[in-house]
Amino acid sequence: MFSAELKKGSSEMLILSLLEARARHGYEIGKLIEARSGGRLTFALPTLYPTLLRLENRGWIKGRWVEKSGERRRCFYRLTPDGRRVLAQQRETWKDFIGAVKAVMGTSRA
Amino acid sequence: MRDWEVYVRTHLPPSALEQARESRIVRELASQIEECYRDALARGLSDSEADAFASAQITDWTSFADTLAEAGRSHQRSRIDRWSERFDDREPHVRPGFSGLGGVWQDSLRDVRYAVRTLLRAPVFAATVVMTMGLGIGLLGTAFTVFNAYLFKPVDLPNPHALYSLSWDTDIGYRQRFRLADYEVLQPEARELADVAAARDARFRQEDVTSEGLLVTGNYFELLGARPMLGRLLRPEDSSIRGAGAVVVLSHQIWRSRYGADPSIIGQRVSLGRQRFEVVGVTVPHAQLAGQELVSFWAPLTMASAFAGVDPWSEPNTASLVVFARLKPNVSPASMQAWLEVWLERRFPRPSDRAPMAVHLNSLATRLPLDRDAVAVITVIMSAFGLVLLVAAANVTNLMLARALARQPEIVVRLALGASRWRVARQLLFESLVLAVPAAAVGFALVTLTAGVLPSVLLATWPTGMPPLENILLPLDIDLRVMACLAAAAVVCAVLVTLAPVVRLTGMRLAGASRGQASSDARGSRLRSGLVAMQIAACVLFLVGAMGLLDASSHLTNPPLNLSYERVSILDIDPMVRSKVAARLQSEPAVERVAAAWAPPMGSPLRMVGVTASVSDLSRRVGYVGVSPEYFPLFDIRIVRGRAFSPAEAAAGAAVALVSEATAAAMWPGLDPLGQTLDIAAIPGRPSDPRVPRGRVRVIGVAEDVGNGSITDGIDVSCVYFATDAQALADMTLLVRTRNDDVNSLRLAVATAVNDVARDTPFELRSMQASVAEVTWGFRALSAIASVLGVVGLLFAYSGTNALVSFVVAQRTREFGVRMVLGASAWRIVRDMLFQMGRTAMIGLAAGLAAAAGLVRLLIASADILEIGVRPFVVGAAVVFIATLVASLVPLRQAARIDPAHALRFE
């Protein structure tokens with residue numbers, strides 16, 4: 001649907017924004033992206049997991065093994081304060097980018 | 001269902017990830033694949049279909065392992081790298097439309113980020129620089145904090161810069177006061193320019209403790225805009241009728257010390273002077289203005305009759321009032337001064353002896369007026385502390401220069417790639433500025449610490465007999481001014497330490513530098529040696545200063561004034577009762593002798609008067625003092641020719657005088673001074689002293705040379721004694737010599753005598769030994785400050801030398817190796833290095849000693865008595881030389897142990 005580059009460029013921001021409200025486990029994140037984008041965005045495990053690993057290494061998210069009653073142990077990721085800051089910056093940049101793209105495309109149409 | 005963990009483990013190729021981390025990854029991958037499997041089952045797929053679906057999630061395990069390894073690589077980076085990465089990730093957000101300014105801002109931010117990253121990679125260097133600069137900044141900040149509290153911080157009143165006290169000089173005296181009638185005329189006439197209030201000092205003695213206060217007009221506190229801490233302050237209605245208004249406002253200090261901070265004090269009645277007063281309020285702490293440090297209460301002026309001293313109503317011709325003014329908005333001090341001058345000239349037209357010669361508006365905005373004397377003191381002390389900062393900067397500059405050499409390749413590459421020299425210089429400046437921020441924080445911590453400790457140190461060393469410290473000691477607040485001083489010091493320091501490395505790095509020739517030529521540049525090593533020499537010089541200066549002042553203080557403990565002052569005390573008392581108290585004291589068994597003098601010795605410098613001698617016709621300015629006949633035996637001053645005053649001459653203030661031996665020799669060289677005369681003339685431009693006899697006086701005796709002026713003036717260069725006695729109403733103090741050393745028995749005797757004459761009249765009694773202790777305390781305090789600076793200077797000189805020698809040894813290792821291979825012994829190499837270092841040390845020592853000698857000469861010029869011998873110079877120089885030697889020896893040991901084979905491989 002979308003090019004791999006476009007998806008790759010936005011994957012980190014998408015994951016960070018999904019973790020903004022609450023901690024989620026890896027599989028849930030993948031499913032949520034797919035569901036919320038109406039199936040237009042999918043991140044397979046080979047893409048999603050290394051991204052999670054990278055985000056964790058940078059200290060933007062933190063994974064913790066949680067065993068809820070009646071459920072299996074899962075690794076839940078949550079946003080760190082650093083991650084929250086980065087997300088806010090990325091959102092701003094993204095907004096500016098979209099605005100700039102819109103402005104350019106609007107001008108060319110006129 | 002299969003065991004997905006085993007599945008992942010068998011498929012995932014071994015990676016470079018550490019074991020613990022890998023097992024966590026395996027566990028998590030397995031968990032996610034299992035989720036996939038369960039999801040498939042939930043969607044209705046069969047077990048085998050779900051298994052196939054889950055297994056298909058990852059097909060290319062080798063490429064997946066590579067991706068994982070790459071993603072995990074950042075984990076292996078150092079904490080510092082991750083830290084600096086955080087700075088890198090923060091791209092500044094530049095708003096469109098601000099591209100010019102935004103560009104500079106963006107560039108600066110990038111420079112800061114780069115600087116932080118560079119410095120984080122050299123944490124030991126950064127910490128050393130921060131601590132060194134911080135120490136220098138902190139010491140300077142501490143000195144400034146003290147000055148700030150007294151000289152810069154405005155008093156806590158609305159618009160304090162509009163507050164002034166008014167006074168003027170006349171032909172016969174300084175700082176004239178107002179009479180009540182003057183004030184009553186001034187108040188309505190000055191209304192356009194200023195509101196005015198008046199006050200008079202009040203003293204009373206209770207249970208042998210003398211308290212000082214201020215009797216004020218009712219509008220005094222309104223004029224100031226002061227607020228009470230408890231109750232209320234005085235109001236106009238409190239001071240409307242003479243003899244009425246027995247109310248008092250207490251100072252916060254006295255409320256705490258004498259009344260135990262009793263919150264129910266308001267409404268209580270307390271005895272002050274001859275009457276009981278109702279306490280109506282307590283001021284906030286430190287409500288006293290400049291010059292009112294000892295004031296502990298404020299009562300209405302209408303209650304003047306309750307206290308000793310002038311009652312403005314019953315003695316309308318005595319000027320006793322100080323007038324305070326609050327200038328109206330838009331009225332400048334200069335216009336007020338001009339107006340007052342005209343007003344005074346109109347009120348006291350010449351030839352009135354109250355006609356103004358000079359008019360003064362003294363600012364009350366700060367605790368101490370920022371006048372010429374204050375500026376001189378600040379300049380001297382801040383220069384000393386500034387020198388420490390300079391030494392710290394020199395130390396850091398040396399570190400920076402050493403680092404600059406190490407960074408040469410990096411800078412060469414940047415210059416070669418097209419970076420402008422300005423760009424590189426700016427980068428280096430930003431590195432220093434980034435270091436200056438934590439250095440300022442260290443300085444701030446030091447200031448906070450010393451501001452907390454200093455009051456207790458003062459309290460522990462405060463000499464007895466001086467005014468209570470709590471009245472004088474102000475809180476050392478760290479306010480915006482102090483912060484600004486710290487920031488300014490940090491920025492100046494940062495710029496200073498950048499200059500030399502910038503000149504060296506941006507001035508190098510690219511072609512040569514890229515081949516490493518600049519590393520052997522002689523200019524750089526001369527600069528580094530010069531900086532170390534400067535540190536050594538400053539250190540010598542401080543140490544000599546500290547020891548010189550200490551010597552001076554011990555010298556002053558027993559000042560060679562040729563006076564037997566040890567059992568003498570100074571008694572200040574109301575002139576109305578003075579002569580009666582003096583007569584009464586004569587009969588006290590504890591008292592050996594009582595004399596009177598216009599000014600006691602060891603206080604202020606002698607006042608000067610112009611005289612012309614008979615016969616020789618020589619005109620000179622000479623020191624003078626008025627004394628009673630008992631003055632000479634009281635201090636055991638020998639009359640070497642002629643005689644002392646007779647009681648009749650003293651009582652009449654007769655036109656006779658005694659002169660000191662030095663004066664006699666100067667005015668009548670080779671002649672007999674006895675029977676000669678002196679014509680007295682005022683010194684132009686200075687008020688003449690009404691106590692000095694006018695016209696001609698006859699010399700009746702010659703006294704041996706002694707010191708009648710201040711302690712530091714030593715033996716008088718010249719002195720003329722005029723006749724007076726305790727009955728004269730002029731400004732005078734009594735001098736009481738006791739039979740033994742017991743000051744307490746004298747206090748009791750004086751209290752008894754005073755109570756016999758006029759009950760509870762306030763008096764002030766202090767032994768001359770206390771005066772000596774006061775002066776020596778000042779010298780000791782200065783010596784302590786110089787010692788602290790000396791120790792810090794020594795620390796810097798030590799570390800500076802050590803760093804320099806270490807650097808040179810490291811830089812010349814290869815050369816040493818070559819020399820050793822060619823047959824030079826290790827001892828010869830060490831000897832050469834020692835010689836080189838010794839030369840630097842000698843230059844520093846010589847410069848330091850020269851500067852110290854200059855300073856000592858200045859000190860001696862200001863105070864004749866100070867004799868600073870060679871001891872401080874010898875000891876100071878020796879201490880610094882030894883420290884320099886020790887600092888060189890450690891790295892030199894390394895040089896001696898160089899293995900030539902290893903050294904030749906050294907780059």
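Residues numbered from 1 in each chain as written. Chains lettered and ligands numbered in written order. Predicted model: local features only at pLDDT ≥ 70, side-chain atom pairs only at ≥ 80, totals over all residues. Heavy atoms only, no water.

Some remarks on the overall build of chain A
Here is step 1: Assigned secondary structure in chain A consists of 4 helices and 3 strands.
Here is step 2: Counting from the amino terminus, helix and strand elements in chain A follow one another as α-β-α-α-β-β-α.
Here is step 3: Looking at the 110 residues of chain A, the share that counts as buried comes to 41%.
Here is step 4: Counting only contacts in chain A whose residues sit at least 6 apart along the sequence, the fraction spanning at least 24 positions is 51%.
Here is step 5: Carbon and sulfur atoms make up 56% of the accessible area of chain A, which totals about 6500 Å². (Helix = DSSP H or I, 4+ residues; strand = E, 2+ residues; numbered from the N terminus. Buried < 20%, exposed > 50% of the residue type's maximum accessible area, 1.4 Å probe, protein only. Contact = heavy atoms within 4.5 Å. Areas by Shrake-Rupley, 256 points an atom, 1.4 Å probe, with all protein chains shown as cover.)

Remarks on the overall build of chain B
Here is step 1: For chain B, the count of helices and strands is 28 helices and 21 strands.
Here is step 2: Counting over 907 residues, chain B shows a buried share of 48%.
Here is step 3: Within chain B, contacts between residues at least 6 apart in sequence are counted, and of these 80% link residues at least 24 apart.

Side note on the pairing of strand S3 (residues 73-79) of chain A
All names here are of chain A.
Here is step 1: In terms of residue burial, S3 counts as a mostly covered element, since 5 of its 7 residues are buried.
Here is step 2: In this sheet, S3 lies alongside strand S1 (residues 24-25) in antiparallel orientation, the contact comprising 2 bridges. When the bridges of S3 are listed, arginine 24 appears paired with tyrosine 77.
Here is step 3: Here strand S2 (residues 61-67) pairs with S3 via 7 bridges, running antiparallel. Each bridged residue has a counterpart across the sheet, and for arginine 64 the counterpart in S3 is phenylalanine 76.
Here is step 4: Between the antiparallel neighbours S2 and S3 lie 5 residues, among them glycine 70 with a positive phi of about 80°. (Pairing = 2+ DSSP bridges.)

What to know about the packing of aromatic side chains
Aromatic ring pairs are reported here in terms of the distance separating the ring centres and the angle at which the planes meet.
Here is step 1: On inspection of all chains with the given rule, the structure shows 25 aromatic pairs over all chains.
Here is step 2: With a centroid separation of 5.8 Å and 35° between ring planes, the pair formed by tryptophan 94 of chain A and phenylalanine 97 of chain A is classed as tilted. One end of the pair is tryptophan 94 of chain A and the other is phenylalanine 97 of chain A, both in helix H4 (residues 81-109) and 3 residues apart, which spans about a single turn.
Here is step 3: On the basis of relative accessible area, phenylalanine 97 of chain A is assigned to the partly exposed category, the value being 47%.
Here is step 4: An aromatic cluster of at least three residues, connected via ring pairs, comprises Trp4, Tyr7, Tyr37, Trp61 and Phe64 of chain B.
Here is step 5: In this structure, arginine 27 of chain B is placed above the aromatic ring of tryptophan 65 of chain A, and the distance from its NZ or CZ to the ring centre is 4.6 Å.
Here is step 6: Here arginine 43 of chain B stacks its cationic end above the ring of phenylalanine 53 of chain B, 5.1 Å away from the centre of that ring. (Phe/Tyr/Trp six-rings, centres within 6.5 Å; stacked < 30°, edge-to-face > 60°. Lys NZ or Arg CZ within 6 Å of the ring centre and 35° of its normal.)

Regarding the environment of aspartate 262 of chain B
Here is step 1: Residue position: aspartate 262 of chain B is located in the loop between helix H10 (252-257) and strand S6 (269-272).
Here is step 2: Among all residues touching aspartate 262 of chain B, those that are not within four sequence positions of it are Trp255 and Gln268 of chain B.

Quick look at the pattern of salt bridges
Residue and element names in this part refer to chain B.
Here is step 1: Scanning the entire structure with this criterion turns up 42 salt bridges over all chains.
Here is step 2: For glutamate 592, the salt bridge goes to arginine 737, with nearest N and O atoms at 3.5 Å. Note that glutamate 592 is positioned in strand S12 (residues 591-597) and arginine 737 in strand S20 (residues 733-738), a separation of 145 residues in sequence.
Here is step 3: Judged by its relative accessible area of 28%, glutamate 592 is partly exposed.
Here is step 4: Here arginine 819 and aspartate 832 are joined by a salt bridge, their closest N and O atoms 2.7 Å apart. (Salt bridge = Lys/Arg side-chain N within 4 Å of Asp/Glu carboxyl O.)

Section: the confidence of the model for chain A
Here is step 1: Counting all residues, the mean pLDDT for chain A is 84, and 95% of those residues have values of 70 or more.
Here is step 2: When the elements of chain A are averaged for pLDDT, H4 of chain A gives the smallest value, 83, and S1 of chain A the largest, 90. (pLDDT = per-residue confidence, 0-100.)

Overview of the side chain of serine 165 of chain B
All names here are of chain B.
Here is step 1: In this structure, serine 165 sits in strand S1 (residues 163-169).
Here is step 2: Judged by its relative accessible area of 10%, serine 165 is buried.
Here is step 3: Among residues more than four places away in sequence, those in contact with serine 165 are Val322, Val323, Phe324, His360, Leu361, Asn362 and Leu364.

Description of the confidence of the model for chain B
Residue and element names in this part refer to chain B.
Here is step 1: Considering every residue of chain B, the mean pLDDT works out to 84; 92% of them sit at 70 or more.
Here is step 2: Mean pLDDT per element in chain B: helix H5 (residues 79-89) is the minimum at 50, and strand S16 (residues 656-660) is the maximum at 95.
Here is step 3: Predicted confidence for residues 87-99 stays below pLDDT 50, and this span has 18 contacts to residues more than four positions away or in other chains.
Here is step 4: Scored as a complex, the prediction yields pTM 0.69 and ipTM 0.87.

What about helix H1 (residues 4-21) of chain A?
Here is step 1: When the terminal C-alpha atoms of H1 of chain A are compared, their 27 Å separation across 18 residues agrees well with the 26 Å that a helix rising 1.5 Å per residue should span.
Here is step 2: If you check which residues of H1 of chain A are buried, you get Lys7, Ser10, Ser11, Glu12, Met13, Ile15, Leu16, Leu18 and Leu19 of chain A. (Expected span 1.5 Å × (residues − 1).)

Topic: the interface of chain B and chain A
Here is step 1: Listed by partner, the interface residues are 29 residues for chain B and 27 residues for chain A.
Here is step 2: Between chain B and chain A, a total of about 2500 Å² is buried, with carbon and sulfur atoms accounting for 51% of that surface.
Here is step 3: Its largest share of buried area at the contact with chain A, chain B owes to Arg24, Gln32 and Glu35 of chain B, together 24% of the area lost on that side.
Here is step 4: Between the two partners, chain B and chain A, sit 3 salt bridges.
Here is step 5: Residue glutamate 56 of chain A is joined to arginine 24 of chain B by a salt bridge in which the shortest nitrogen-to-oxygen separation is 3.1 Å.
Here is step 6: Where chain B meets chain A, there are 5 residue pairs in polar contact (both at pLDDT 80 or more).
Here is step 7: Those elements that place two or more of their residues in the side of chain B that touches chain A are helix H2 (19-42), helix H4 (61-73) and H5 of chain B.
Here is step 8: A total of 14 residues in the side of chain B that touches chain A trace back to one element, the largest contributor, which is H2 of chain B. (Buried area = accessible area lost by both parts, 1.4 Å probe. Polar contact = N/O pair within 3.5 Å; in protein donor to acceptor, adjacent residues only side chain to side chain.)

As for the sheet that holds S2 of chain A
Here is step 1: Reading across the sheet, the 3 strands line up as S1-S3-S2 (chain A) and stay open at both edges, with antiparallel pairing between neighbours. The open sheet has two edge strands with one neighbour each: S1 and S2 of chain A.

Here we look at the pairing of S6 of chain B
For a regular strand, side chains alternate in direction, first toward one face of the sheet and then toward the other.
Residue and element names in this part refer to chain B.
Here is step 1: Where burial is concerned, the two faces of S6 differ: the one with Val270 and Leu272 is buried and the one with Arg269 and Ser271 is not.
Here is step 2: The pairing of S6 with strand S7 (residues 275-283) spans 4 bridges and is antiparallel. Within S7, the residue paired with leucine 272 across the bridge is glutamine 275.
Here is step 3: What sits between S6 and S7 in their antiparallel hairpin is a turn of 2 residues, with glycine 273 showing a positive phi close to 60°.

Quick notes on the nonpolar core
Residues and elements named next belong to chain B.
Here is step 1: In this structure, Phe125, Met133, Ile137, Met382, Val388 and Leu435 are the most contacted members of the largest nonpolar core, which totals 51 residues.
Here is step 2: Of all the elements in the fold, those that place two or more residues in this core are helix H6 (99-120), helix H7 (123-152), helix H12 (372-406), helix H14 (421-461), helix H16 (480-506), helix H18 (522-557) and helix H24 (768-811).
Here is step 3: For this core, the element with the highest residue contribution is H7, accounting for 14 residues. (Core = buried A, V, L, I, M, F, W, Y, C linked by side-chain atoms within 4.5 Å.)

Let's talk about H16 of chain B
Here is step 1: Here H16 of chain B contains 27 residues, and its C-alpha end-to-end distance of 37 Å stays within 8% of the 39 Å for a straight helix at 1.5 Å per residue.
Here is step 2: At leucine 499 of chain B, H16 of chain B shows its maximal bend, which comes to roughly 35°, and the proline proline 501 of chain B appears one to four places after that position. (Bend = angle between axes of the 7 residues up to and from the residue.)

What to know about the environment of glycine 800 of chain B
Residues and elements named next belong to chain B.
Here is step 1: Residue placement: glycine 800 occurs in helix H24.
Here is step 2: Once the C-alpha coordinates of glycine 800 and alanine 887 are considered, the two residues, 87 residues apart in sequence, prove to be 8.5 Å apart.
Here is step 3: The contacts of glycine 800, once residues within four sequence positions are left out, are Asn395, Val532 and Gln535.

Here's the deal with the packing of H7 of chain B against H12 of chain B
Residue and element names in this part refer to chain B.
Here is step 1: Running from amino to carboxyl end, H7 crosses H12 at an angle of 170°, the nearest separation of the two axes being 9 Å. As judged from the angle between their axes, H7 and H12 are roughly antiparallel.
Here is step 2: Residues of the contact of H7 with H12, tallied by class, amount to 23 nonpolar, 5 polar and 1 charged. (Axes fitted to C-alpha atoms, helices over the stretch in contact; angles between N-to-C directions. Parallel < 35°, antiparallel > 145°, perpendicular 65-115°, else oblique. Nonpolar A, V, L, I, M, F, W, Y, C, P; charged D, E, K, R; others polar.)

Considerations on unusual backbone geometry
Residue and element names in this part refer to chain B.
Here is step 1: Following arginine 350, the chain continues into proline 351 via a peptide bond in cis, with omega recorded as 10°.
Here is step 2: With respect to the helices and strands, the residue proline 351 is situated in the loop between helix H11 (333-347) and strand S10 (358-363).
Here is step 3: Unusually for a residue other than glycine, asparagine 562 sits at a positive phi of about 65°.
Here is step 4: Relative to the assigned elements, asparagine 562 resides in the loop between H18 and strand S11 (568-573).

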